[in-house]
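Coordinates in review
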Amino acid sequence: RILYAYAVYNNKLGYCQGQGPIASILLMHMTAEEAFWCMAQLIDVYGLAGYYYEGLVGLKIDFEILYRVLKKVSSTSYMLLKKNDVMPELFMTDWFMCCFARNLKWPCVLRLWDLLFLEGPIVLFKAAISILHTQLATNNNGKHPPRDMMEVIELLKMPEKWHPSLNTPDLFIAGLDKIKIDEKMLQAEYIKLRDDNNNP
C-alpha cells in the first residue's frame, strides 16, 4: 500500500522495485502513514529520487562520483577495481538503491540508517568506501588480494565473506568515521563531472 500510495503521490517517478526494502524497514519502526511520509522525505528531500528514475540516471552519476572519490581516499581499492575491469554497476546498485538494507547485517543497517537520517546521503558514500577499502585495500586476514573480476565481485557482493569489522555494529560505525570525505568534496566532484561532460 505504501509503494502504491507513493507511486500516486509522485507519479512522475512512480514505482521502482528498489523502494520495497526502504518501505519495509520503515514499517518495522512506525505506522504505515509515518512510513509513507518518511519514505517520501528520503526520496524527495534526501535526493534518492534519481536512483529510481527510468535509466537510473542518479545512480549512474553517483557511481562515477564514488569512483572519483575512491581514487583520492583509497587508491589501492580504486586500482584493484580498474585493473580487474569491475564496473560499479556490478556491486553498487543494491548498495545505494536500497541504502544497504539487503547487504549489511541487520544491527549495522539500523546504525547506518540512524546516520543517514542525521547526515544525509553522504553516509552511503562513506559506507561504500569503507567496505571497498576493508575488502580490497587492507590485508584481509592475511589473504591474497583478489586476482580477477570474479574474486573482486565475490568479496564485495557476499557479506558472509566480509571482514568481521563490517558485520559488527560498533566497528562498522567506527570505520565510517575514518572515511575522510565531506559534502564539499562531493559537491566539487559533481561540478567536475558536469564540466567534464560539457567539455568532452
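Now for a look at the structure at hand. Since the structure is predicted, the reported quantities are computational estimates derived from the model, not experimental observations. (Residues numbered from 1 in each chain as written. Predicted model: local features only at pLDDT ≥ 70, side-chain atom pairs only at ≥ 80, totals over all residues. Heavy atoms only, no water.)

**What to know about helix H7 (residues 106-119)**
- In a regular helix each residue adds 1.5 Å, so 14 residues correspond to 20 Å; H7 covers 20 Å between its end C-alpha atoms and thus fits that length.
- For H7, the complete set of buried residues consists of Cys108, Val109, Leu112, Trp113, Leu115 and Leu116. Down the axis of H7, the sector holding all buried residues measures 160°, keeping them to one side. Exposed positions of H7 whose direction lies more than 90 degrees from the buried face are Asp114 and Leu118.
- The inward-facing, buried residues of H7 abut helix H2 (19-27), helix H3 (32-44), helix H8 (122-137) and helix H10 (169-177).
- Just downstream of H7, Gly120 is the residue with a positive phi angle, here 90°. (Helix = DSSP H or I, 4+ residues; strand = E, 2+ residues; numbered from the N terminus. Expected span 1.5 Å × (residues − 1). Buried < 20%, exposed > 50% of the residue type's maximum accessible area, 1.4 Å probe, protein only. Arc of directions from axis to C-beta. Contact = heavy atoms within 4.5 Å.)

**Quick word on the environment of Leu116**
- Along the polypeptide, Leu116 turns up in helix H7.
- Residue class for Leu116 comes out buried when judged on its relative accessible area of 1%.
- Sequence separation between Leu116 and Leu42 is 74 residues, and the spatial gap between their C-alpha atoms is 9.3 Å.
- Setting aside its immediate chain neighbours within four residues, Leu116 contacts Leu42, Tyr46, Cys99, Pro121, Val123 and Leu124.

**Things to note about the nonpolar core**
- Core analysis: the biggest nonpolar cluster contains 69 residues, and Leu81, Trp95, Phe96 and Phe100 have the highest contact counts within it.
- A per-element tally of this core places H8 first, with 10 residues.
- Look past the residues within four positions of Phe100 in its chain and what remains in contact with it is Asp94, Trp95, Val109, Leu112, Leu124, Ala127, Ala128 and Ile131. (Core = buried A, V, L, I, M, F, W, Y, C linked by side-chain atoms within 4.5 Å.)

**Some details on the state of the cysteines**
- What the rule picks out here adds up to zero disulfides.
- Left without a disulfide partner, Cys38 is nearest to the cysteine sulfur of Cys99, which lies 11 Å away.
- A residue is classified by how much of its surface remains accessible, and Cys99, at 0% relative accessible area, is buried. (Disulfide = S-S within 2.5 Å.)

**Notes on the side chain of Asn167**
- In this fold, Asn167 is placed in the loop between helix H9 (149-157) and H10.
- In terms of polar contacts, Asn167 uses its side chain to reach the backbone carbonyl oxygen of Pro159, at 3.5 Å.
- Not counting residues up to four positions away in its chain, the partners in contact with Asn167 are Lys105, Cys108, Pro159 and Trp162. (Polar contact = N/O pair within 3.5 Å; in protein donor to acceptor, adjacent residues only side chain to side chain.)

**Some thoughts on the packing of H8 against H10**
- Remark: H8 packs on H10, axes separated minimally by 9 Å, with the N-to-C direction vectors making an angle of 105°. Comparing the axis directions of H8 and H10 gives the class roughly perpendicular. Of H10, the residues touching H8 (which contributes Val123, Lys126, Ala127 and Ser130) are Phe172, Gly175 and Leu176.
- Grouping the constituent residues of the contact of H8 with H10 by class yields four nonpolar, two polar and one charged. (Axes fitted to C-alpha atoms, helices over the stretch in contact; angles between N-to-C directions. Parallel < 35°, antiparallel > 145°, perpendicular 65-115°, else oblique. Nonpolar A, V, L, I, M, F, W, Y, C, P; charged D, E, K, R; others polar.)

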